[in-house]
Amino acid sequence: MKYLTTIGLEVHVQLRTRSKMFCACGTGFGAPPNTQVCPVCLGYPGAMPVMNEEAIRLTVMTGLALGCAIPAFSKFDRKSYFYPDMPKNYQISQYDCPLCDGGAVEFESGGQGRRVRMVRIHLEEDVAKNMHFPSFSGVDFNRAGVPLMEIVTQPDMGSPEEAMDFLLALKQTLSYLGVSDCNLEEGNVRCDVNCSVRPDGQEELGTKTEIKNLNTFKGVFHALRHELDRQVDVLESGGRVTQETRRWDADQGVTYSMRSKEDAHDYRYFPEPDLMPVELDAATVGEWRAAIPELPGARRARLTAEYGIPGYAAGVIAADRAVADYFEAAARASKNAKAVSNWVMTEMLRLLGERGMTIGNARVTPGALARLVSLVDSGVVSSTAAKDVFAAMFESGGDPDALVREKGLAQVSDASEIEAIVDRAMEENPKSVADFMQGKSAAAKFLVGQVMRLSRGKANPKLVNEILERKLGAE
Amino acid sequence: MNREAFQCLDLRSAAAGVVSGDFTSRELVEAMLAGIIERDPAIRAFVHVDADDALRQADAADARRGPGGGRLNGVPVAVKDVLNVAGQPCGCASRILEGYRAPYDATAVARLRREGAVVVGRTNMDEFAMGSTTENSVHGPTLNPWNHGRVPGGSSGGSAAAVASREALAALGSDTGGSVRQPASFCGCVGLKPSYGRISRYGLTAYASSLDQIGPLTTNVRDAALLLNIMSGRDPLDSTSVPDPAPCADDGWAAAGLKGMKLGLPREYFGAGLDPEVAWAVRAAADACAALGAELVEVALPHTEYAIAAYYIIATAEASANLARFDGVRYGRRADGASDPYDLYTRTRAEGFGAEVKRRIILGTYVLSSGYYEAYYRSAQKVRTLIRRDFERAFGQCDAMLAPVAPTAAYRLGETTDDPLKMYLGDILTVTANLAGICGLSVPCGLTDDGLPVGLQVLGPFLGEERVLRVGAAYETARGPFPEPHGGAA
């Protein structure tokens, strides 16, 4: 039987703020345990939360970018449950009046346009991190109280692939907005997924399960694939899926049951009395709306239209706001945007990837790249030599003209100079000349190669071909 | 100056004496410590006194003696065990905070210190401020200085008893449902509950966050006004704190009398259940205010009868979350032998909390539970709104109100221990101010035939402290000096 899949996500995104959600402690990653803590984020007696207004702004900006409604009134609530990673044994979160309602993410998946609707976006504080040692456990509260934005989608995704594409598109948008570093290694983005299957033709959704705390997109993908297969197996063998919360074991590649619906917590939400409600006036929201940058989809389209680069290239370049900014700076300084896009897509992204760098710390300035492209286009350097120049600039910066001079990479376009080299190549390879005469055209290619070798790659290939052809014809 | 003279100083005279060099802060603090050594064994108002530390603070105050030293430079004050003072224990009279030392100063304490005050010791209370008798304390009960067979009231009973017995010139308490005003009434001292948000709650161990307020207990109204002025004002660490500066006691207040003031007598506060002696004393005080020029009018607060129910739902709901942090993981007492986190919580909290605290946590957990929230918590919030409107309407007809603080004078020790509901009902005249967020002052206004003090409650609108203090100061001056407690057995 064929089964249909339904997937909904809750995405927790760590916001890019200097201080925590409710205190002045820093949010840096990787500090020694319990060094970014204070009475507030440790839940000491008498300590009180104070709102981080930047976190509100970043969340509302996200909501505005995703087309959410921004209610004029929003509030925070206490969500109670006991766990050692919870300093107060309640989490300050938002229950019935979140900062953002509705909205949608539009993206491409499997070559088709998709739209996943949001339920809401709310703001809450992160919990601490439990650490287990052979004879005891510890808690690191550095992360406790870091602002987390929770994005809840409608169950609008039909496959793990689509869920993955959604996450990538969402991540691009969040990065563009600058609201989060979206660093998956540092746990900046964590997902809970809800999924169910139902036989094709059945209207009513199947019983769902929830998989908690997936901190890589790959993890989301594999966990979903496994869990959906498991649900199908349960149905195929005549069983029923139990509504429950499951955990993904990435090492074993399986999900296992954590708690059933009956054991679900009663969080006993009630309004947080230590914080005033958030009341946003239209002017402030309007100001924030005006500050929203061009988003990935629009930029992709504009890059194609404005610079005439192919859709695929625009997609790769627009995926990262900084890369796209770089490209545009270089393209504007150049007459050949397409060549610039090729350099960015291939050499630049490859080298950055190899070194684990971002474009922000690349030493090749956009101006230098544009100049290099024009040196190639005007025949001053060959495209082969240009790669060496680019590599040199990537290592230590510098100006392409100077590098071409220093390295003696300028292309030789002086016909007499090339003629001399061609003559030398023919003298050194009489057999190839003879082969050509007997109709083996491949021999000509070999000779071109020899000329290039002798010129150390600097001979203008177009001239070499012309001159060689003429000389061979004269033989 | 002899010891008794030191112990009878008001705050301004004490500060002035240090500034002028009439005496040193060390002499003053030594006199107060001597009073504690002499009298506290009989009433047990203090739970922690670090004499060396107090004298160190006094010496530091003497070292900065002069006009710039602060308005309370070298003046000792006591604080309720619920307030965080850096380096001191803050046990909230609970076993569960055994071993905890505060790493920071509460804002109210920091502001007193900024004016040079010396924190001389910590006073007893009902555990986590839950109670009206100061009997629910891990340290045992505090006794009423007027009669050792009576309770001092609560939950700030230690602070009230310390001030009444002149072991402290002034003390801080906290008032969630009457916990400053009622012990002030029971012990014959002045107690002020400021409007909600007037004094930052930062550093006050929370019982019910939407009701809690820090308040001073003093021997006279002007001292309460001075402390209010020092502690009040916007605090960036408490989002619910209000920016308006509070008034300071003005010498003109008492002299100006109460001409042109309309004082309301809420009908519902003089109804059944009010001890006739209390009623008589309060009416006599109201008449004294009329003699000072005030016009007395009857006003109505029709939703008063629902206040106790609403209060005990909201307070316990908030408490159930506020007290969840006491789990043995980060500080305080941790039970031995736990096998997993939940076992640790269960054991720690079973051992660490007293019966009244457990009762309120369970009640609060219940009223917030899924399926009961609407019926209890939501309804209580609606009642709260109605009570607030009652006051708004009534304050449209008067400038301030006069009422009793408690239906009776101080209870006998043990009288309410087995009947918590009786104790809860005794809060009827004070919880309304907390629910409405308004301010209230308790000023001694008489003694019962048994020689127990009775307090006059002056209620004012939100941020109406100036009016309340004016009425209190004028009445107090007209009343004349209040008798001193004589102590002794029941």
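Residues numbered from 1 in each chain as written. Chains lettered and ligands numbered in written order. Predicted model: local features only at pLDDT ≥ 70, side-chain atom pairs only at ≥ 80, totals over all residues.

Chemist: What should I look at first to understand the overall build of chain A in this one?
Modeler: Of regular secondary structure, chain A possesses 15 helices and 16 strands. In terms of overall size, chain A is more extended than a compact globule, its C-alpha atoms giving a radius of gyration of 30 Å where 475 residues would be expected to give roughly 23 Å. A principal-axis box enclosing the C-alpha atoms of chain A has dimensions of 95 × 55 × 50 Å. Counted over contacts in chain A with a minimum sequence separation of 6, partners at least 24 positions apart contribute 68%. (Helix = DSSP H or I, 4+ residues; strand = E, 2+ residues; numbered from the N terminus. Rg over C-alpha atoms; globule rule 2.2 N^0.38 Å. Contact = placed C-beta atoms within 7 Å.)

Chemist: Can you help me understand the overall build of chain B in this one?
Modeler: Across its full length, chain B carries 17 helices and 11 strands. At 21 Å, chain B has a C-alpha radius of gyration in line with the 23 Å of a compact globule built from 490 residues. The principal-axis extent of the C-alpha atoms belonging to chain B is close to 65 × 55 × 45 Å. Contacts in chain B between residues far apart in sequence, at least 24 positions, make up 76% of those at least 6 positions apart.

Chemist: Quick question: what am I supposed to make of helix α10 (residues 383-396) of chain A here?
Modeler: Structurally, the α-helix is built with 3.6 residues per turn, so residues lying three or four positions apart point the same way. Residues and elements named next belong to chain A. For α10, built from 14 residues, the straight-helix expectation of 20 Å at 1.5 Å per residue is met to within 8% by its first-to-last C-alpha distance of 20 Å. Residues A385, A386, V389, F390, M393 and F394 constitute the buried set of α10. If you follow the buried residues of α10, they end up packed against α8 (337-355), α9 (366-377) and α11 (400-407). The positive-phi residue at the C-terminal boundary of α10 is G397, with phi of around 70 degrees. (Expected span 1.5 Å × (residues − 1). Buried ≥ 20, exposed ≤ 12 C-beta atoms within 10 Å, placed from the backbone.)

Chemist: Just to check I follow, could you spell out the sheet that holds strand β11 (residues 453-460) of chain B for this structure?
Modeler: Two pairing modes exist for strands in a sheet, parallel and antiparallel, and in both the strands are linked by backbone hydrogen bonds. All names here are of chain B. Taken in spatial order, the 11 strands of this open sheet run β1-β3-β2-β4-β6-β5-β10-β11-β9-β7-β8, and their pairing is mixed. Of all the strands in the sheet, the pair left with one neighbour each is β1 (46-48) and β8 (295-299). Here the strands of the sheet are splayed against their neighbours by 30 degrees on average, with no regard to which way each runs. Strand direction decides the pairing type here: strand β2 (residues 76-80) and strand β3 (residues 118-123), joined by 5 bridges, are parallel. Each residue of the ladder has a partner; that of A78, found in β3, is G121. Taken strand by strand, helix α6 (residues 157-164) contacts β1, β2, β3, β4 (170-175), β5 (190-193) and β6 (213-218), and its axis lies near 155 degrees from that of β4. (Pairing = 2+ DSSP bridges. Axes fitted to C-alpha atoms, helices over the stretch in contact; angles between N-to-C directions.)

Chemist: What is the right way to look at helix α1 (residues 53-65) of chain A in this model?
Modeler: All names here are of chain A. With 13 residues, α1 should cover 18 Å at 1.5 Å per step; its first-to-last C-alpha distance of 18 Å lies within 8% of that length. When α1 is considered as a whole, its buried residues turn out to be A55, I56, L58, T59, V60, M61, T62, G63, L64 and A65. Next to the buried residues of α1 lie β5 (100-101), β7 (112-125), β10 (147-153), α2 (160-177), β16 (278-279) and α4 (282-290).

Chemist: Would you mind showing me how to read the domain arrangement of chain A here?
Modeler: As a measure of interface size, the accessible area lost when the parts come together is often cited. Residues and elements named next belong to chain A. In terms of domain boundaries, chain A breaks down into domain 1 (3-287), domain 2 (296-407) and domain 3 (415-474). Using C-alpha coordinates to define each centre, domain 2 is positioned 33 Å away from domain 3. The interface of domain 2 with domain 3 comprises 4 residues on the first partner and 4 residues on the second. Considering only residue class, the side of domain 2 that touches domain 3 consists of 1 nonpolar, 3 polar and no charged. (Domains from an automatic or database assignment. Nonpolar A, V, L, I, M, F, W, Y, C, P; charged D, E, K, R; others polar.)

Chemist: Where do I start with the environment of F270(B) in this structure?
Modeler: All names here are of chain B. Following the sequence through the fold, F270 ends up in the loop between β7 (262-266) and α10 (276-291). F270 sits in the partly exposed class, given 18 other C-beta atoms within 10 Å. On a C-alpha basis, the gap between F270 and M130 in space is 26 Å, while along the polypeptide they are 140 residues apart. Dropping the residues within four chain positions of it, F270 is found in contact with L265 and A279.

Chemist: Looking at this model, I keep getting lost on the sheet that holds strand β3 (residues 77-80) of chain A. Mind explaining?
Modeler: Residue and element names in this part refer to chain A. Taken in spatial order, the 3 strands line up as β4-β3-β15 in an open sheet, and their pairing is antiparallel. A strand with exactly one partner marks an edge of an open sheet, and here the two such strands are β4 (90-93) and β15 (270-271). Of the pairings in the sheet, the one linking β3 to β4 comprises 4 bridges and is antiparallel in character. The residue bridging S80 from the neighbouring strand is Y90, located in β4.

Chemist: How should the interface of chain B and chain A be read in this particular structure?
Modeler: Taken together, the 33 residues of chain B in the interface contact 25 residues of chain A. Those elements that place two or more of their residues in the side of chain B that touches chain A are α11 (307-322), α12 (341-352) and α13 (355-368) of chain B. For the side of chain B that touches chain A, the leading source of residues is α11(B), giving 3 residues. Looking at the side of chain B that touches chain A, its residues break down into 17 nonpolar, 10 polar and 6 charged.

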